[in-house]
Amino acid sequence: MTVNLAESPLGWLRARGHVSGRQFDAGEQLRADWERAQLAPSVTMRWDATRAGRTAFDSALGPTEAQVAARRRFDAAVAAVGPGLTEILWRVVCSGEGMRDAEQALGWPARAGKLVLCLALDRLADHYGMR
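Residues numbered from 1 in each chain as written. Predicted model: local features only at pLDDT ≥ 70, side-chain atom pairs only at ≥ 80, totals over all residues. Heavy atoms only, no water.

Enquirer: Explanation requested: the overall build of the chain in the structure shown.
Expert: For the chain, the helix and strand inventory stands at 6 helices and 0 strands. Moving toward the C terminus, one meets the helices and strands of the chain in the order α-α-α-α-α-α. Across the 131 residues that make up the chain, the buried fraction comes to 35%. Carbon and sulfur atoms make up 56% of the accessible area of the chain, which totals about 8400 Å². (Helix = DSSP H or I, 4+ residues; strand = E, 2+ residues; numbered from the N terminus. Buried < 20%, exposed > 50% of the residue type's maximum accessible area, 1.4 Å probe, protein only. Areas by Shrake-Rupley, 256 points an atom, 1.4 Å probe, with all protein chains shown as cover.)

Enquirer: In this structure, what is going on with the nonpolar core? I would like to understand it.
Expert: One broad trend across soluble globular proteins is that nonpolar side chains are buried collectively. In this structure, Leu30, Leu89, Leu117, Leu121 and Leu124 are the most contacted members of the largest nonpolar core, which totals 27 residues. Only helix H1 (9–15), helix H2 (21–36), helix H3 (63–81), helix H4 (86–94), helix H5 (99–106) and helix H6 (112–128) provide two or more residues apiece to this core. Sort the elements by how many residues they give to this core and H6 lands first, with 8 residues. (Core = buried A, V, L, I, M, F, W, Y, C linked by side-chain atoms within 4.5 Å.)

Enquirer: Help me out: how do you make sense of the packing of aromatic side chains in this one?
Expert: The description of two aromatic rings rests on the distance between their centres and on the angle between their planes. Under the criterion given, the structure shown has 2 aromatic pairs. Taking 5.4 Å as the distance between ring centres and 50° as the angle between the ring planes, the aromatic pair formed by Trp34 and Phe74 counts as tilted. Of this pair, Trp34 sits in helix H2 while Phe74 sits in helix H3, placing them 40 residues apart in sequence. Across the pair, Phe74 and Trp34 agree in class, each one buried. With a centroid separation of 5.8 Å and an interplanar angle of 75°, the aromatic rings of Trp34 and Trp90 are classed as edge-to-face. Of the two residues, Trp34 sits in helix H2 while Trp90 sits in helix H4, which places them 56 residues apart along the sequence. Judged by its relative accessible area of 33%, Trp90 falls in the partly exposed class. An aromatic cluster is present here, built from Trp34, Phe74 and Trp90 joined pairwise through their rings. (Phe/Tyr/Trp six-rings, centres within 6.5 Å; stacked < 30°, edge-to-face > 60°.)

Enquirer: Before we go on, may I ask you to explain the environment of Gln67 in this structure?
Expert: Assignment of secondary structure puts Gln67 in helix H3. The exposure class of Gln67 is partly exposed, given its relative accessible area of 24%. For the pair Gln67 and Leu39, spaced 28 residues apart in sequence, the C-alpha to C-alpha distance is 9.2 Å.

Enquirer: It is not clear to me how unusual backbone geometry should be interpreted in this structure. Could you clarify?
Expert: Across residues other than glycine, the phi torsion is negative in most instances, and most of the peptide bonds are trans. In the Ramachandran plot, Arg111 falls in the positive-phi region, its phi being about 70° despite a non-glycine side chain. Assignment of secondary structure puts Arg111 in the loop between H5 and H6. Note on Arg111: relative accessible area 69%, which makes it exposed.

Enquirer: Where do I start with the packing of H2 against H4 in this structure?
Expert: Between two packed helices, both the angle of their axes relative to each other and the distance between the axes serve to describe the pair. Axis separation between H2 and H4 bottoms out at 10 Å; the angle between their running directions is 75°. Classed by the angle they form, the pair H2 and H4 counts as roughly perpendicular. Across the interface between the two elements, Gly27, Leu30, Arg31 and Trp34 from H2 touch Leu89, Trp90, Val93 and Cys94 from H4. Taken together, the residues of the contact of H2 with H4 break down into 6 nonpolar, 1 polar and 1 charged. (Axes fitted to C-alpha atoms, helices over the stretch in contact; angles between N-to-C directions. Parallel < 35°, antiparallel > 145°, perpendicular 65-115°, else oblique. Contact = heavy atoms within 4.5 Å. Nonpolar A, V, L, I, M, F, W, Y, C, P; charged D, E, K, R; others polar.)

Enquirer: Help me understand the pattern of salt bridges in this model?
Expert: Note that side chains of opposite charge can pair when their charged atoms are close. Applying the stated criterion to the full structure yields 8 salt bridges. We note a salt bridge from Arg91 to Glu97, for which the minimum N-O separation is 3.0 Å. (Salt bridge = Lys/Arg side-chain N within 4 Å of Asp/Glu carboxyl O.)

This is the structure we're talking about:
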């Protein structure tokens, strides 16, 4: 699944100046790993072609290895963000929920989610070493 960055909740927040470029980039990197790891629920069987073998000239990761590597990067990033911040981060960045919906689902007051999301994105950017 691909995301139109202009329509994503994180893109919306970036366009209105609620998150910095550093925070946006960190969120997009997390979302990319989420997609590469194929962590979203699937409704049907995958019919992707698989590779039969490797040659000496083929140093790229196979589909399964790339998926496992993305999962490890995602898990490490979420662990670096820490408990209490990951829920809003996952809902807005990976799941694509709007801020209002995420706040309601978590039982938070209005506009509290944006502050917590910015803290989570800052920790995430620190984890990725972004300046």
